[in-house]
Amino acid sequence: MSAKRIEDAIGPCAATRCIEAALVSGKLSHAYLVLGRDDGAKLALATALAKAGNCTGEHLPGQYCDACASCRQIQAGGSPNMRVFGDGTKLDINAVDQFIAYACIKTAPGSLRLSVFRGVDFFTDVAADRVLSTLEEPVAGNVFLLLSRNSRRVLPTIRSRAQVVKVESDAGADAGQTGRQQQDEDAALDILLNYAKANLSLGDASGRLLRMDAAVSRRENAMEALRSIAVFMEGVLRARGKLPPLAHVSLDIEPELARVNFVLDDSRVIPFLDRLGDRVQHVEQNVNAELVVTNALLELRRMTTDE
Ligand SMILES: [Zn+2]
């Protein structure tokens, strides 16, 4: 038989190297902030870690057999030793509470319980406060994997309590990935600003957003664009004092956002943000990406007028 290594799940990268080394030396951190654009790869990493931590088959430290009852149960998603919370597109406060409740259960001796949270980028201060005490006083045998696409959006209180590891699809792009994501986000925000100021047409704005990153599909670009629209709108609200400022998120374009003529009526802004979350899911479910982005942009433009 041949045991598997963590890196067999997603390929060699900074995250697999770090977690394999920790497993081999028995020095697993209790919380990891897992950064990367590929949500599937981040979940695959979590699954491999849960298997390695609970495998009852023959394997070397840091590996797993992928055949024993525990490995198979984890693969099937029915293991008591791993659960995934949050949907990665918006914050669900119930999911935060379930995550905390799960992470506070004592584990069986020798087992490793993995609590995975998708979409830590969307934690508000309130959600973060609830999670912090759990991160600070972990129950033995529990490990947290907090999945994020953009480290800049993760609250510093969370970031400082977790070991940051990066999952990259491209093995050669070790250092550039996070920087590139931020550049992409800045470029997307710039497109949205010019569109909101009517310097860019609807067609140009949606065309540019859908081609933001040539290395990924239109669908992924569309999802990123919709997330950027949410960041943009939150930026507008903060710039206008409708949301409290966040010390760690300073968009370069905030002074400009304060000058854009938005109608910031709660009865319109909140449904708009809610619909953005739905739209990300529509794109994920294969609804025409261009249509979804175009509709979101149209709605954004309508909010810049008084009608
Ligand atoms: Zn096994």
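Our structure is the block above this text.
Residues numbered from 1 in each chain as written. Predicted model: local features only at pLDDT ≥ 70, side-chain atom pairs only at ≥ 80, totals over all residues. Heavy atoms only, no water.

**Some words on the nonpolar core**
Working step 1: Of all hydrophobic cores here, the largest spans 39 residues; its most connected members are F232, M233, F262, L297 and L300.
Working step 2: Going through the elements one at a time, α8 (176–196), α9 (202–210), α10 (218–239), α12 (266–284) and α13 (289–302) are the ones with two or more residues in this core.
Working step 3: The element contributing the most residues to this core is α10, with 11 residues.
Working step 4: With sequence-adjacent residues up to four places away left out, F232 is seen in contact with L189, L192, L193, A196, I253, L257, F262 and L300.
Working step 5: Counting 31 residues, the second largest nonpolar core, distinct from the first, contains A48, C65, L114 and V116. (Core = buried A, V, L, I, M, F, W, Y, C linked by side-chain atoms within 4.5 Å. Buried < 20%, exposed > 50% of the residue type's maximum accessible area, 1.4 Å probe, protein only. Helix = DSSP H or I, 4+ residues; strand = E, 2+ residues; numbered from the N terminus. Contact = heavy atoms within 4.5 Å.)

**Some details on the coordination of the zinc ion**
Working step 1: Protein ligation of the zinc ion involves C55 (SG), C65 (SG), C68 (SG) and C71 (SG), the donor distances falling in the range 2.3 Å.
Working step 2: Considering all four donor atoms around the zinc ion, angles at the metal cover 98 to 121 degrees and the coordination shape is tetrahedral.
Working step 3: For the zinc ion, all donor residues lie on one chain, and their spacing in sequence is C-x9-C-x2-C-x2-C. With respect to burial, C65 and C68 carry one shared label: buried. (Donors = N, O, S within 2.8 Å, 3.2 Å for Na, K, Ca; no water. Tetrahedral: all angles 85-135°; square planar, octahedral: opposite > 155°, others 65-115°.)

**Observations concerning the packing of aromatic side chains**
Working step 1: One pass over the full model with this rule turns up five aromatic pairs.
Working step 2: Pairing F85 with F99 gives two aromatic rings, centres 5.8 Å apart and planes at 75 degrees, and the pair type is edge-to-face. You can see F85 sitting in strand β4 (residues 82–85) and its partner F99 sitting in helix α5 (residues 93–103), a full 14 residues away along the chain. Across the pair, exposure class does not vary: F85 and F99 are buried alike.
Working step 3: Aromatic ring contacts, followed pair by pair, group F85, F99, Y102, F117 and F144 into a single cluster.
Working step 4: The aromatic ring of Y102 is capped on one face by R113, whose charged end is 5.0 Å from the ring centroid.
Working step 5: Just above the ring of Y195 sits the side chain of R301; from NZ or CZ to the centre is 4.0 Å. (Phe/Tyr/Trp six-rings, centres within 6.5 Å; stacked < 30°, edge-to-face > 60°. Lys NZ or Arg CZ within 6 Å of the ring centre and 35° of its normal.)

**Concerning the pattern of salt bridges**
Working step 1: Throughout the structure, instances matching the rule amount to 13 salt bridges.
Working step 2: Between R275 and E299 there is a salt bridge whose closest N-O contact spans 2.2 Å. With R275 in helix α12 and E299 in helix α13, this pair connects stretches of sequence that are 24 residues apart.
Working step 3: According to the relative accessible area criterion, R275 is partly exposed, its value standing at 35%.
Working step 4: Given the relative accessible area of 9%, E299 is considered buried.
Working step 5: Residues R279 and E299 are paired through a salt bridge, measuring 2.9 Å at the closest nitrogen-oxygen approach. Pair noted here: R279 is in helix α12 and E299 is in helix α13, with a separation of 20 residues, a long-range link.
Working step 6: The buried category is assigned to R279, whose relative accessible area is 13%. (Salt bridge = Lys/Arg side-chain N within 4 Å of Asp/Glu carboxyl O.)

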